[in-house]
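Below are the chains, spelled out letter by letter.
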Amino acid sequence: MAEIYKYHMFICTHQRDDGSDYCEEHGAQSLRDYAKQRVKDLKLKKVRVNNSGCLNRCKLGPIMVIYPEGVWYQYHDKADIDEIIDTHLVNGKIVERLLK
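Procedures and definitions
- Residues numbered from 1 in each chain as written.
- Predicted model: local features only at pLDDT ≥ 70, side-chain atom pairs only at ≥ 80, totals over all residues.
- Heavy atoms only, no water.
- Phe/Tyr/Trp six-rings, centres within 6.5 Å; stacked < 30°, edge-to-face > 60°.
- Lys NZ or Arg CZ within 6 Å of the ring centre and 35° of its normal.
- 1 Å grid on protein atoms, 1.4 Å probe; cavity = no way out; pocket = protein on both sides within 12 Å on 5 of 7 lines; lining within 4 Å.
- Points joined across faces, edges and corners; volume = space filled by probe spheres on them.
- Helix = DSSP H or I, 4+ residues; strand = E, 2+ residues; numbered from the N terminus.
- Nonpolar A, V, L, I, M, F, W, Y, C, P; charged D, E, K, R; others polar.
- Core = buried A, V, L, I, M, F, W, Y, C linked by side-chain atoms within 4.5 Å.
- Buried < 20%, exposed > 50% of the residue type's maximum accessible area, 1.4 Å probe, protein only.
- Contact = heavy atoms within 4.5 Å.
- Salt bridge = Lys/Arg side-chain N within 4 Å of Asp/Glu carboxyl O.

(A) Focus on the packing of aromatic side chains. Applying the stated criterion across every chain, the model contains one aromatic pair. One cation-aromatic arrangement involves Arg57 over Trp72; the distance from NZ or CZ to the ring centre is 4.5 Å.

As C-alpha cells, this is what we get:
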C-alpha cells in the first residue's frame, strides 16, 4: 500500500432509518468533505480520504479509521479533523485524546 498511499482515511458516513445511532446524524458527511478539502489544500501526497459505510461502532459516532496503522478516532468538529490531519497525517503521531 505504501507505494500508492501513505495514509488512507475512512470516515463513516452511514445513515440508518431504524432509530438506532449512526455517524451521519453527527454531520459526518460534511466533516468528511471538510477533511478531504483540507488534505487537498495542504497538498498532502499519498493521502486518501474516503467515505465508508458502517464501521460497526455506531454508538461512538462519528468515527473514522486511518490505515495502515488501523487507528480509530472519534471526532466532533472541524477542530478535531484539523488536529487529526496535522498531528497524524502530517507529523505521524497519534492523537491520543481522540482514540476509540
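(B) Up close: the layout of surface pockets. Considered as a void within the structure, the largest pocket measures approximately 170 Å³ in volume. Lining the largest pocket, in full, are Lys36, Gln37, Val39, Lys40, Lys43, Leu44, Lys45, Val47, Arg48 and Val49. Elements that contribute at least two residues to the lining of the largest pocket include exactly helix H1 (28-41) and strand E2 (47-52). Among the elements that take part in the lining of the largest pocket, H1 stands out by supplying four residues, more than any other. Residue classes in the lining of the largest pocket are distributed as four nonpolar, one polar and five charged.

(C) Examining the nonpolar core more closely. Counting residues in hydrophobic clusters, the biggest one holds 25 residues, and the most contacted among them are Met9, Met64, Ile66, Tyr73, Tyr75, Ile84 and Leu89. Elements supplying a minimum of two residues to this core: strand E1 (7-12), H1, E2, strand E3 (63-67), strand E4 (71-74) and helix H2 (78-90). When neighbours within four sequence positions are excluded, Tyr73 is seen to be in contact with Pro62, Ile63, Met64, Ile66, Ile84, His88, Lys93, Ile94, Val95, Leu98, Leu99 and Lys100.

(D) The arrangement of unusual backbone geometry in detail. Along the chain, Tyr67 connects to Pro68 via a cis peptide bond; the corresponding omega equals 25°. Considering the arrangement of structural elements, one finds Pro68 in the loop between E3 and E4. Backbone geometry at Lys43 places phi at a positive 55°, although glycine is not the residue there. For Lys43, a relative accessible area of 61% puts it in the exposed group.

(E) Representation of the pattern of salt bridges within the structure. As enumerated under the stated definition, the model contains five salt bridges in all. Between Asp33 and Arg32 there is a salt bridge, with the nearest N and O atoms lying 3.0 Å from each other. Classification of Asp33 as partly exposed rests on a relative accessible area of 35%. Judged by its relative accessible area of 12%, Arg32 falls in the buried class. When salt bridges that share partners are traced, they join Arg38, Asp82 and Asp86 into one network.

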